[in-house]
Amino acid sequence: MSALLTILAWTVTANAQLELQKYNVDPSQISLSGISSGAAMATQVHVSYSATFMGIGFNSGSPYWCAQGNAFIANGPCVNDPDQVIVSVLTDQTDYYDSVGLIDPVSNLYDTRVYIFHGLLDSVTDPGMGNKTLEYYQHYVNPANIEAVLDMQIEHTFPTMDYGNPCDVCRSPYMSDCNYDGSYAILNRIYGGTLLAPSGPVTLAGVFYEFDQTEFFPTSSPSDSSMDDIGLVYVPSGCVTKDTPCRLHVVFHGCDMGRYTLGDEFARNAGYNEVGELNNVIVLYPQVVPTPGPNLYGCWDWWGYTNENYATKIAEQSSAIYRMVQKMAF
């Protein structure tokens, strides 16, 4: 909903970062989603830690291990030539990682819930990549658990009910007024189709705060992995007291969409917090930053700019996210 109409009754810490807190999270109700490079990151974390994450929302990205550790493949076939993306190659690598213990067993994926979105007007990542992601997940997931929305006239953007650019425009802040609540579509699919939908301005009576990401890098600095020192989180009012079991959802921003570039605009306006407030879903927004050379635009590592293990459980970024989730939920 419009930022002017939304009632901002939440707490913000503007100058000091808090330690990320533990909450009363149902460990069987932890999920994740992302847009663009964040979608590619979401699928990496989903596949790597499938014992933890029960569902994924995927918007305008490329399937697991599409880049194969190669920036040229990432910027070539994975974004503009889906005919060159052979899904059996990606599943073979997935199965190999499973066999050597670098990801959780792929058998966990069968019962997860998957929502795939890709707009037909996407000028950044070929719309055909949505079908490649669908084909990848069909290899592992119960077909009844997969929903793919691949027929909407939408650019490379995060669709909202009424915030952002026109729906056929791809530019910062990469959110668009499409009369389509992308956040609700993702969360409702993941959580069984019974969530309350925002029907007007939502009073965000919970707590929105910045937290210190450095504690999740015990042997290095976040910047060594192109991650920010600061992350963001929204805790709905029903979850603040920790009396009620809540769900937890992790959201991965896209390139040029993180705090370094947009501040908290994406975290405040994508619509996740409103859906979370109505349905007791805590929303975690980990953050990456641009770095000279391999990551000029603040993208998540889906092609190997950190190291060759980027798509596994021992990846620097993925393992930090896992530690965040462990602290909040276990």
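Here, the structure is the one placed above.
Below you will find a few notes about this structure. As the structure is a computational prediction, the values presented were derived from the model and not from experiment.

What about the pairing of strand 3 (residues 113-117)?
So, point 1. The element strand 3 is largely enclosed, with a buried count of 4 among its 5 residues.
So, point 2. When strand 3 meets strand 4 (residues 146-149), the two strands line up parallel, connected through 4 bridges. Within strand 4, the position partnered with Ile 116 by the bridge is Ala 148.
So, point 3. Regarding the hand of the β-α-β motif, the stretch spanning strand 3, helix 5 (residues 128-138) and strand 4 is right-handed.

Some points on the state of the cysteines
Formally, a disulfide is one covalent bond, and it connects the sulfur atom of one cysteine to the sulfur atom of another.
So, point 1. Summed over the entire model, instances satisfying the criterion amount to 4 disulfides.
So, point 2. Disulfide partner of Cys 167: Cys 178, at an S-S distance of 2.0 Å. On the S-S bond that ties Cys 167 to Cys 178, the torsion sits near 100°, and the link is right-handed. Pair noted here: Cys 167 is in the loop between strand 6 (165-166) and strand 7 (175-177) and Cys 178 is in the loop between strand 7 and helix 6 (182-190), with a separation of 11 residues, a long-range link.
So, point 3. On the basis of relative accessibility, which here comes to 14%, the residue Cys 178 falls in the buried class.
So, point 4. Cys 239 shares a disulfide with Cys 246; S-S distance 2.1 Å. Classification of the bridge connecting Cys 239 and Cys 246 rests on its S-S torsion, roughly -110°, and on that basis the disulfide is left-handed. In this structure, Cys 239 and Cys 246 share a single accessibility class: buried.
So, point 5. The thiol of Cys 170 is unpaired, and the distance to the nearest cysteine sulfur, on Cys 255, comes to 11 Å.
So, point 6. By relative accessible area, which is 28% here, Cys 170 ends up partly exposed.

What counts as what
Residues numbered from 1 in each chain as written. Predicted model: local features only at pLDDT ≥ 70, side-chain atom pairs only at ≥ 80, totals over all residues. Heavy atoms only, no water. Buried < 20%, exposed > 50% of the residue type's maximum accessible area, 1.4 Å probe, protein only. Helix = DSSP H or I, 4+ residues; strand = E, 2+ residues; numbered from the N terminus. Pairing = 2+ DSSP bridges. Right-handed = clockwise from strand over helix to strand, strands pointing away. Disulfide = S-S within 2.5 Å.

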